[in-house]
Amino acid sequence: LVVRCNNHDTTTPHLSVEDKVGLLEDARALSIAGLGDPSGLVELVRGLGAERNANVVGEAVAILSTLNNVLRYLSDQSGDKTVLNNYQSFAKQLFRAGVHEVGFDNGPDDDSNTKRVRSLFLSYAALFLYDDNFVATEAKKRFDNFLTDRKSISADSRAAVFKISVKNGGEE
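Residues numbered from 1 in each chain as written. Predicted model: local features only at pLDDT ≥ 70, side-chain atom pairs only at ≥ 80, totals over all residues. Heavy atoms only, no water.

Chemist: What am I meant to see in the overall build of the protein here?
Modeler: Counting its regular elements, the protein contains nine helices and zero strands. Order of helices (α) and strands (β) in the protein, N terminus to C terminus: α-α-α-α-α-α-α-α-α. Scaling as 2.2 N^0.38, a compact globule of 172 residues should have a C-alpha radius of gyration of about 16 Å, and the protein matches this with 17 Å. Dimensions of the protein, computed from the C-alpha atoms along their principal axes, are close to 50 × 45 × 25 Å. Taking all 172 residues of the protein together, the buried fraction comes to 37%. Summarising the internal contacts of the protein: among those between residues at least 6 apart in sequence, 64% fall at separations of at least 24. (Helix = DSSP H or I, 4+ residues; strand = E, 2+ residues; numbered from the N terminus. Rg over C-alpha atoms; globule rule 2.2 N^0.38 Å. Buried < 20%, exposed > 50% of the residue type's maximum accessible area, 1.4 Å probe, protein only. Contact = heavy atoms within 4.5 Å.)

Chemist: Sorry, what's going on with the pattern of salt bridges here?
Modeler: Close approach of charged atoms allows side chains with opposite charge to pair. Summed over the entire model, instances satisfying the criterion amount to 12 salt bridges. Close ionic contact of E59 with R28 constitutes a salt bridge, the shortest N to O distance being 2.8 Å. Taken together, the positions of E59 in helix α4 (residues 54–78) and R28 in helix α2 (residues 17–32) put the pair 31 residues apart, joining distant regions of the chain. Assessed through its relative accessible area of 9%, E59 is described here as buried. Relative accessible area serves as the criterion here: at 23%, R28 is assigned to the partly exposed category. (Salt bridge = Lys/Arg side-chain N within 4 Å of Asp/Glu carboxyl O.)

Chemist: Teacher, can you tell me more about a nonpolar patch on the surface here?
Modeler: Judged by side-chain polarity, V70, Y73 and L74 come together as a nonpolar surface patch covering roughly 300 Å² of accessible area. Within the secondary structure, V70 is located in helix α4. (Patch = residues over 30% accessible without salt bridge, like charges linked within 9 Å, V, L, I, M, F, W, Y side chains within 5 Å. Areas by Shrake-Rupley, 256 points an atom, 1.4 Å probe, with all protein chains shown as cover.)

Chemist: Please explain the nonpolar core as it appears in this structure.
Modeler: Most often, soluble globular proteins keep nonpolar side chains buried together rather than apart. By size, the foremost hydrophobic cluster in this structure holds 41 residues, and its most contacted members are L64, Y87, F95 and Y124. Of the residues forming this core, the biggest block, nine residues, is contributed by α4. Once residues lying within four places of it in the same chain are set aside, the contact partners of Y87 are V42, I63, L64, L67, N68, L71 and F128. (Core = buried A, V, L, I, M, F, W, Y, C linked by side-chain atoms within 4.5 Å.)

Chemist: Looking at this model, I keep getting lost on helix α7 (residues 112–128). Mind explaining?
Modeler: Turn by turn, an α-helix covers 3.6 residues, leaving residues three or four places apart pointing in a common direction. Look at α7: 24 Å from first C-alpha to last across 17 residues, which is about the 24 Å you get at 1.5 Å a residue. Within the span of α7, buried status applies to V117, R118, F121, L122, Y124, A125, A126 and F128. (Expected span 1.5 Å × (residues − 1).)

Chemist: In this structure, what is going on with α4? I would like to understand it.
Modeler: Taking 1.5 Å per residue, 25 residues should reach 36 Å; α4 reaches 35 Å between its end C-alpha atoms and fits that length. For α4, the complete set of buried residues consists of A54, V56, V57, E59, A60, V61, I63, L64, L67, N68, L71 and S75. In this structure, the buried residues of α4 make contact with α2, α3 (38–46), α5 (82–94) and α7. Capping the start of α4, N53 holds a side-chain oxygen 2.8 Å from the backbone nitrogen of N55, two or three residues further along. After α4 finishes, the residue G79 shows a positive phi value of roughly 80°. (Polar contact = N/O pair within 3.5 Å; in protein donor to acceptor, adjacent residues only side chain to side chain.)

Here you go:
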């Protein structure tokens, strides 16, 4: 099923949001327990690049973050960053289009799902896409505005904007 979903096989029945979240949660639990191969978890997440449901995106972002932390720890212990670098290259591409699509600004017609997805994508961007030109430019613009207007960044994107800005540094 995982392979068929990831290859966007049209013979695979459409999975509901609940099924997607459940599948991700189960795969993560099996990996943590040592009963599932983490590479299968990565393959499952790989098929979600076009996902825009906040519940599914939230679970996927949590998995990406957890795997990043584990691989960072292991690479620090071994001194070999090859696997971590390859993983981060993969993770960097997964939701890039989504980050660019939803952007940084809340719109007047945004529903609650879109607002949650934006917040999740910006958290993801702070971890993996902070050096993306669009992300870095937009975060810097918002951070600079924040210095003179403390209400210029919405509460749900403030932490991500700060993290991206700090990671990109600057003269000031």
